[in-house]
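# Chain and residue survey
Here is how the chains run, residue by residue.
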Amino acid sequence: MKVVVPYPPGGITDLLGRVLADILAKEFPAKPVIVENKGGGTGTVAQQYILQQPHDGHLLLSGGLGGLILPTILNPRLPIDPQENFVPVAQLAELMNVLVVGRDVEARTLPELIAYGKTRVGKLNYGSNGVGTLAHFTSVLFNQRAGTHFVHIPYRSSGEIITGLKNGDIQVSFANLPSVASLVRAGSLRAIAVTGARRAQALPDVPTLLELGMEDFVATGWLGAYAPVGTPQANIDKLADAIVKGGRQSENIQRLQTAGFEVTVRGHADFAAWNRSEFVKWNELARRENIRPEA
């Protein structure tokens, strides 16, 4: 069996792929399980590779919102439509973003930040790790809901965002939790809220946007396993059951939480429904706010 990761080794999708592989190796001990990294083409290299192989349940894709949903929304002309070609098998984890501000921003609460932004229209910047990423989509949604007008500054990495915040080049960011949790705890950055449906394990004192009155504002990255369309349903069900069982075991929970994930396990039916709802949610935002590759 293979778990294919559409990125080079070392990233969060790679980590999840290795957790998936370990779970499957334990649940199906008669079959060796390996992780194969096939980066490139916004994930399409890995997707094309899988689609060219037998669809017999021996090949899974490690992916989620950032690799399978948002790129398709941003560019409907991609050579592969993951919505049409892949079946969600099971989800293991989600990754929250944290609304952080630089130390030169006076606001300490969400109402203060919104008021601060409204009095400085066009003068405050927010950073994301690229056009069409979750941080970008979340910031657009925040501007819309809060009535602020933070200006988008796309970066290439979380490290550049942190540097931008410290230097005052940007004032706000919905940064991914693992990249900023230690800086928030050290006081280098100020956290206003997290974007999950519940508080983050790593920052339990930081409220959610829901708690602060932003109704239905949940924006998390999530990761799980996908199989190519045409995989027998019986195989998908067996794989989903194995992943759900493994995702609830303490050693895997600890491993994911240590990496900054929130453990959120969904079986096949729930994960498929979640994929559909998330596609609709972010696609509607992209259309309404005219989010394009050159935005």
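In the block above lies the structure referred to throughout.
Model, not experiment: these values are computed from the prediction. (Residues numbered from 1 in each chain as written. Predicted model: local features only at pLDDT ≥ 70, side-chain atom pairs only at ≥ 80, totals over all residues. Heavy atoms only, no water.)

For Glu-94, the location among the structural elements is in strand E4 (residues 86-101). A polar atom in the side chain of Glu-94 sits 2.9 Å from the side chain of Thr-220. Of the polar contacts made by the side chain of Glu-94, one reaches the side chain of Thr-264; its length is 2.9 Å. If near-sequence neighbours (up to four positions away) are discounted, Glu-94 is found in contact with Arg-198, Thr-220, Gly-221, Trp-222, Phe-261, Glu-262 and Thr-264. (Helix = DSSP H or I, 4+ residues; strand = E, 2+ residues; numbered from the N terminus. Polar contact = N/O pair within 3.5 Å; in protein donor to acceptor, adjacent residues only side chain to side chain. Contact = heavy atoms within 4.5 Å.)

This next bit is on the nonpolar core. Grouped together as the largest cluster of nonpolar side chains are 46 residues, with contacts concentrated most on Leu-99, Leu-110, Leu-113, Phe-137, Phe-142 and Trp-282. Setting aside anything within four residues of it in sequence, one finds Trp-282 in contact with Leu-65, Leu-70, Ile-73, Leu-134, Phe-137, Thr-138, Leu-141, Val-218 and Ala-219. In terms of nonpolar packing, the next biggest core, distinct from the first, is built from 28 residues, Val-3, Leu-16, Leu-24 and Val-33 among them. (Core = buried A, V, L, I, M, F, W, Y, C linked by side-chain atoms within 4.5 Å. Buried < 20%, exposed > 50% of the residue type's maximum accessible area, 1.4 Å probe, protein only.)

Moving on, we come to unusual backbone geometry. With a phi close to 65 degrees, Asp-216 is a non-glycine residue in the positive phi region. The residue Asp-216 is located in the loop between strand E8 (190-194) and strand E9 (220-228) in this model. Judged by its relative accessible area of 62%, Asp-216 is exposed. Phi angles above zero are rare outside glycine, and Asn-290 is one such case at about 55 degrees. Its place among the elements puts Asn-290 in the segment after helix H11 (268-289).

For an α-helix, the turn length of 3.6 residues means that residues three or four places apart are oriented alike. The end-to-end C-alpha distance of helix H6 (residues 134-146), which contains 13 residues, comes to 18 Å, matching closely the 18 Å that a straight helix rising 1.5 Å per residue would cover. In terms of burial, H6 is largely enclosed, as eleven of its 13 residues are buried. Here H6 has its buried residues at Leu-134, Ala-135, His-136, Phe-137, Thr-138, Ser-139, Val-140, Leu-141, Phe-142, Asn-143 and Ala-146. Once H6 finishes, Gly-147 follows within two positions and takes phi at roughly 80 degrees, a positive value. (Expected span 1.5 Å × (residues − 1).)

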